[in-house]
Amino acid sequence: MAQACYDAFDFDPFSKHCGSCRFTRREFLACLGMDSSGYEVTRYLYATADINLPNFFKRSRWPQVWSKNANWIGYVAVSNDEKSQILGRRDITIAWRGTVTRLEWVADLMDFLRPISADKIPCPDPTVKVESGFLDLYTDKNEECRFCKYSAREQVLTEVKRLMEMYPDEEMSVTITGHSLGSALAIMSGYDIVETGINVMDDSRVVPVCVYSFSGPRVGNERFKERVEMLGLKVLRVVNVHDMVPKSPGYHGKGHRFGLSSGRDHALVNKGCDFLKDEYMVPPNWRQDENKGMVRGEDGRWIQPERPKLDDHPNDMYLQLSQLGL
C-alpha cells in the first residue's frame, strides 16, 4: 500500500500532470497490479505545495498544469466484502506518499518542536510537541486551490468519519502506512484520529487504529510518545539499520544469503533501481511506461494525451467538517 504511492506518482517534470497521480481513483489498484488486494480506493489526498519544501513537491515545466498549488500525497481505501470476511472486520487503510528526491527535507521540516495543539488538534496537554514542518504539511491549506482548499488533515478525518458511518454495524479497523516522510504523516494522522475520537462509534465501540511506519523519522517529543501510547494507538516502526529503504526481500545479516523473507516477488526490488545481484537475472529499472506516456495523434504527431478529470473533494465536505467541529 505504501509502495503504491511511489509507483503511481507522476514525478516527471516534462509531464503536464507532474505532481499528480498517474491513474484515476477507480483504476488505481488495477493499474498497479493490485486488483486482487481486496480494497477499493475511496479518496485521493492532496497537500498544498506552498510550504517551503522544494524536495518533496514536484512541479511541471509546462506553463499550463493540472494544479500550481497542490501535490497528490496519498489515498484512502476500504476493504470490500470478500476481504472484510477474511479479515474479520471492515478495514480502512490510509497510505501516505514519502519523498521522491534527496533527503534535504529532513532539515527543511525538522527545525523545531511545536505544541500539536497549536494547529487546533485537540490535545489538552501543551507539552505534547511535534516537529513543526510535519504539522505544517498535515494542516496547511490553500483555499484558492480546488485540490488543497482543505488540509490533508481535514481530508483524512472527514473520509474516515464517512466510511465509519457507512458500516455502523460492522467490526472495523483503521490501518495507516507510509514510508520516509510518509511514515511521519501516518503517525501524525493516526494520533489525530484517536485524539479527536473519530474512531469511537455511536454505540461507544472503539475502533482499533494502527500504523505501519517504514524508515520514518521521529515525529515528536517524549510527551508525544507517551500520549500516543496512552490513547491506544499501535505503531510498528520498521527501520533498516543501514538506513536503506526497506524492501522485501531484505538484508539478513553478514554471512547470510540474500533471500525471500516473505511471499512478495523479489523481482519487484529492481523495478525502479539496481539492487539485486546478477545471479537473480532480474534487469534493473525494468518497470517502464510504454513510450513514457506519449501517444500518436490523428495527425501523426506524438503528444501527451489528456487524462480524465481528477477528483478533488466531495460536495458535502463543508457539512462533514461542521459535524466534526472543524
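All values derive from a computational prediction rather than experimental measurement.

1. Thoughts on the overall build of the protein
Secondary structure summary: the protein contains 9 helices and 10 strands in total. Scored against the burial criterion, the 326 residues of the protein give a buried share of 48%. By sequence separation, contacts in the protein at least 24 residues apart represent 66% of the contacts at least 6 residues apart.

2. A closer look at the pairing of strand 2 (residues 70-79)
Among the 10 residues that make up strand 2, 10 are buried, leaving the element largely enclosed by the rest of the structure. Pairing geometry for strand 2 and strand 3 (residues 90-96), over 5 bridges, is antiparallel. Of the residues in strand 3, the one forming a bridge with Ala 77 is Thr 93.

3. A look at the confidence of the model for the protein
Of all residues in the protein, 88% have pLDDT values of 70 or greater, and the mean over the chain is 86. Per-element confidence in the protein is highest for strand 3, whose mean pLDDT is 98, and lowest for helix 4 (residues 105-109), whose mean pLDDT is 62. Here residues 244-253 is modelled with pLDDT under 50, and outside its nearest four sequence neighbours on either side it reaches 29 contacts, counting other chains as well.

4. Re the packing of helix 7 (residues 181-196) against helix 8 (residues 222-230)
Where helix 7 contacts helix 8, the axes come no closer than 10 Å and their chain directions differ by 55°. Accordingly, the angle class assigned to the pair helix 7 and helix 8 is oblique. The crossing of helix 7 and helix 8 is left-handed. Residues Ile 187, Tyr 191 and Glu 195 of helix 7 form the contact with helix 8, whose own contacting residues are Phe 224, Arg 227 and Val 228. Considering only residue class, the contact of helix 7 with helix 8 consists of 4 nonpolar, no polar and 2 charged.

5. A look at the sheet that holds strand 7 (residues 209-214)
Spatial ordering of the open sheet is given by 1-2-3-6-7-8, a layout of 6 strands whose pairing is mixed. The sheet terminates laterally at strand 1 (39-48) and strand 8 (234-238), the two strands that pair on one side only. Neighbouring strand axes in the sheet, compared pairwise and without regard to direction, differ in orientation by 15° on average. Looking at chain direction, strand 3 and strand 6 (residues 172-179) are connected through 7 bridges and run parallel. Of the residues in strand 6, the one forming a bridge with Trp 96 is Gly 178.

6. Observations concerning the environment of Thr 93
Note that Thr 93 resides in strand 3. On the basis of relative accessible area, Thr 93 is assigned to the buried category, the value being 4%. It is 4.7 Å that separates the C-alpha atoms of Thr 93 and Thr 175, two residues lying 82 residues apart in sequence. A polar side-chain atom of Thr 93 sits 2.9 Å from a polar atom in the side chain of Asp 91.

7. Brief notes about the side chain of Ser 37
Inspection of the secondary structure assignment puts Ser 37 in the loop between helix 2 (28-31) and strand 1. Overall, the relative accessible area of 17% leaves Ser 37 in the buried class. A distance of 3.0 Å separates a polar side-chain atom of Ser 37 from the backbone oxygen of Met 34. Here the side chain of Ser 37 touches Tyr 39 through a polar contact of 3.4 Å, landing on its backbone nitrogen. For Ser 37, the residues in contact, after removing those within four places along its chain, are Leu 29 and Lys 83.

8. Observations regarding the packing of aromatic side chains
Within this structure, the stated rule accounts for 9 aromatic pairs. With centroids separated by 6.0 Å and ring planes inclined at 50°, the aromatic side chains of Phe 28 and Trp 72 adopt a geometry described as tilted. Separated by 44 residues along the polypeptide, Phe 28 in helix 2 and Trp 72 in strand 2 bring together distant segments of the chain. Here Phe 28 and Trp 72 have matching classes, each one buried.

Here is what the cut-offs are and how they apply
- Residues numbered from 1 in each chain as written.
- Predicted model: local features only at pLDDT ≥ 70, side-chain atom pairs only at ≥ 80, totals over all residues.
- Heavy atoms only, no water.
- Helix = DSSP H or I, 4+ residues; strand = E, 2+ residues; numbered from the N terminus.
- Buried < 20%, exposed > 50% of the residue type's maximum accessible area, 1.4 Å probe, protein only.
- Contact = heavy atoms within 4.5 Å.
- Pairing = 2+ DSSP bridges.
- pLDDT = per-residue confidence, 0-100.
- Axes fitted to C-alpha atoms, helices over the stretch in contact; angles between N-to-C directions.
- Parallel < 35°, antiparallel > 145°, perpendicular 65-115°, else oblique.
- Left-handed = near helix turned anticlockwise from the far one by under 90°.
- Nonpolar A, V, L, I, M, F, W, Y, C, P; charged D, E, K, R; others polar.
- Polar contact = N/O pair within 3.5 Å; in protein donor to acceptor, adjacent residues only side chain to side chain.
- Phe/Tyr/Trp six-rings, centres within 6.5 Å; stacked < 30°, edge-to-face > 60°.

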